[in-house]
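So the chains spell out like this:
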Amino acid sequence: MAKDRAIGGIPGSPVQEIKRGNNYLFAIGINGYQHFPRLTNARKDIEDITKVLVDQYSFEQAHVQVILDEQASRENIVDKLNALREIIQPQDRLLIYYSGHGYSDNERGYWIPVDAEHDHISSFVSNADILDIIKLIRARHILLISDSCFSGSLLHRDVASGISKKAIEAWDKDPSRYAFISGKGVVSDGNAGENSPFASGIIRHLQDNEADAINIVRLADQVTQEISFNYPQQADISPLYGAGHKGGQYIFFKKGKENLVYKPNESDQESLPTPEDAPKNADVEKQRNGKNSKISHDGNIVVDIDHGNVTVNSKRDNIQPSSITNQTADKIYNIDKIDNADFS
């Protein structure tokens, strides 16, 4: 996964509070299969991830449903997924996490419930069935995480998430439907008594996150790179095709931080600042009798002033310089009000 897929990150400057929706978790973990080889870590993965989300992030126990082993029959999985349609409100977020066996018939992928039978594909839960239910759930954001073999069919047509310069508020406002998978082929269950490599990466990066929140593409980027360097499986993330994705992202908010509104960092902006946006207390780097003076703010933008013309240059590689001319520098950037400036 390219490094720039998570451009922007999470700003760290809350400016006010709003009321966001609830976070719902529906998690499935199966070790003790009736007719398939037993797994050793799927149940532990779900238990450990649920604990991190409830302890550190804005997930309330009342909004968490976990079904493990014998509870995870095909009927129960489908019934509980459908029940979410009546519970979830339009402003809510839903995280669906599956850890267990998977199967592919080269056309469709499937989850393997605890009671699934060999050669009875009707006893499996197809990815198509899951997507059909997701399309009917009214949540603002839905994130489907699948730690199973052959989850690649969830990434329909391999639609890439692309580069985004949105800030946290835009990500949260626009609806999203994402799938984050542990691999398109066979994936590892991990050493007995530990977590799978995929779950281990998610847990570690959620635990180590020091920001108030983290967006799913940034988290996925961290986990995917870690796995690709150490295991022969390739995790991936993509919007779900045809499920109502509109450019947003699922945000994991730290506990107590879910109702904060964040102002964007300069690196999150789609364009360079305009004269009206320029700060009034910029730091003067140097001046030479009012010519070729440089004003730097926040370490990213340099303003060159020469004979009343102002050029805004960005130090960032992906943005071209923009020029502002035919206006005096003192009117545009309030140079006469800058502390400790000497423009004699």
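This text goes with the structure placed above it.
Because the structure is predicted, anything quoted here is derived from the model rather than measured. (Residues numbered from 1 in each chain as written. Predicted model: local features only at pLDDT ≥ 70, side-chain atom pairs only at ≥ 80, totals over all residues. Heavy atoms only, no water.)

Brief notes about the overall build of the protein
Line of reasoning, step 1. Looking only at helices and strands, one finds 7 helices and 18 strands in the protein.
Line of reasoning, step 2. Here the protein holds 344 residues, and the buried ones make up 48% of them.
Line of reasoning, step 3. For the protein, contacts bridging at least 24 residues in sequence account for 74% of all contacts bridging at least 6.
Line of reasoning, step 4. Entry remark: accessible area of the protein is about 16,300 Å², with carbon and sulfur atoms responsible for 44%. (Helix = DSSP H or I, 4+ residues; strand = E, 2+ residues; numbered from the N terminus. Buried < 20%, exposed > 50% of the residue type's maximum accessible area, 1.4 Å probe, protein only. Contact = heavy atoms within 4.5 Å. Areas by Shrake-Rupley, 256 points an atom, 1.4 Å probe, with all protein chains shown as cover.)

A look at the packing of helix α1 (residues 42-56) against helix α5 (residues 197-208)
Line of reasoning, step 1. Between α1 and α5, whose axes approach to 10 Å, the crossing angle comes to 15°. One way to sum up the angle between α1 and α5 is to call them roughly parallel. For the element pair α1 and α5, the recorded crossing hand is left-handed. On the side of α1, the interface is formed by D45, D48, I49, V52, L53 and Q56, while α5 contributes A199, I203, L206 and Q207. (Axes fitted to C-alpha atoms, helices over the stretch in contact; angles between N-to-C directions. Parallel < 35°, antiparallel > 145°, perpendicular 65-115°, else oblique. Left-handed = near helix turned anticlockwise from the far one by under 90°.)

A look at the sheet that holds strand β9 (residues 176-181)
Line of reasoning, step 1. Here we have 6 strands laid out as an open sheet, ordered β3-β2-β4-β8-β9-β11, and mixed in their pairing. Edge positions in the open sheet fall to β3 (64-68) and β11 (236-239), since each of these has one partner strand only. The average angle at which neighbouring strand axes cross in this sheet is 10°, direction not considered.
Line of reasoning, step 2. Alignment of strand β4 (residues 93-99) against strand β8 (residues 141-147), held across 7 bridges, turns out to be parallel. The residue bridging R93 from the neighbouring strand is H141, located in β8.
Line of reasoning, step 3. On the sheet, helix α2 (residues 74-87) packs against β2 (23-29), β3 and β4 and is oriented at approximately 175° with respect to β2. (Pairing = 2+ DSSP bridges.)

Quick word on α1
Three or four residues apart is the spacing at which side chains of an α-helix point the same way, because the helix has 3.6 residues per turn.
Line of reasoning, step 1. In this model α1 runs 21 Å from its N-terminal to its C-terminal C-alpha over 15 residues, within 8% of the 21 Å that 1.5 Å per residue would give.
Line of reasoning, step 2. Taken together, the buried positions of α1 are occupied by A42, D45, I46, I49, T50, V52, L53 and V54. (Expected span 1.5 Å × (residues − 1).)

A closer look at the pairing of β8
Line of reasoning, step 1. Within β8, 7 of the 7 residues are buried, leaving the element largely enclosed by the surrounding structure.
Line of reasoning, step 2. Examined bridge by bridge, β8 and β9 share 6 bridges and lie parallel to one another. Bridged to I145 within β9 is F180.

Let's talk about the packing of aromatic side chains
Line of reasoning, step 1. The full count for this structure, using the stated rule, is 9 aromatic pairs.
Line of reasoning, step 2. With 6.3 Å between their ring centres and 80° between their planes, Y57 and F252 make a pair best called edge-to-face. Of this pair, Y57 sits in the loop between α1 and β3 while F252 is found in strand β12 (residues 251-253), placing the two residues 195 residues apart along the sequence.
Line of reasoning, step 3. The exposure class of F252 is buried, given its relative accessible area of 2%.
Line of reasoning, step 4. Measuring from centroid to centroid gives 4.3 Å for Y98 and W111, while their planes differ by 10°, and the two rings are stacked. Placement of the pair is Y98 in strand β4 and W111 in strand β6 (residues 109-111), with a sequence separation of 13 residues. Accessibility classification places Y98 together with W111 in one group, the buried group. (Phe/Tyr/Trp six-rings, centres within 6.5 Å; stacked < 30°, edge-to-face > 60°.)

Concerning the nonpolar core
Line of reasoning, step 1. Of all hydrophobic cores here, the largest spans 36 residues; its most connected members are I28, L94, I96, W111, I134 and I137.
Line of reasoning, step 2. Secondary-structure elements contributing two or more residues to this core are β2, α2, β4, β6, α3 (127-134) and β8.
Line of reasoning, step 3. With residues up to four places along the chain from it excluded, the contact list for L94 reads Y24, L84, I88, I137, A139, H141, I142, L143 and Y250.
Line of reasoning, step 4. The next biggest cluster of nonpolar side chains, apart from the first, holds 33 residues, and it includes L68, L143, Y178 and I202. (Core = buried A, V, L, I, M, F, W, Y, C linked by side-chain atoms within 4.5 Å.)

Thoughts on unusual backbone geometry
Line of reasoning, step 1. In this structure, D69 takes a positive phi of about 50° despite not being glycine.
Line of reasoning, step 2. Relative to the helices and strands, D69 resides in the loop between β3 and α2.
Line of reasoning, step 3. For D69, a relative accessible area of 10% translates into the label buried.
Line of reasoning, step 4. Phi angles above zero are rare outside glycine, and D119 is one such case at about 65°.
Line of reasoning, step 5. Residue placement: D119 occurs in the loop between β6 and β7 (125-126).

Regarding empty space enclosed by the protein
Line of reasoning, step 1. The full count for this structure, using the stated rule, is 1 cavity of 30 Å³ or more.
Line of reasoning, step 2. Taken as a whole, the largest cavity encloses approximately 40 Å³ of empty space.
Line of reasoning, step 3. Here the residues of the lining of the largest cavity sort into 9 nonpolar, no polar and no charged. (1 Å grid on protein atoms, 1.4 Å probe; cavity = no way out; pocket = protein on both sides within 12 Å on 5 of 7 lines; lining within 4 Å. Points joined across faces, edges and corners; volume = space filled by probe spheres on them. Nonpolar A, V, L, I, M, F, W, Y, C, P; charged D, E, K, R; others polar.)

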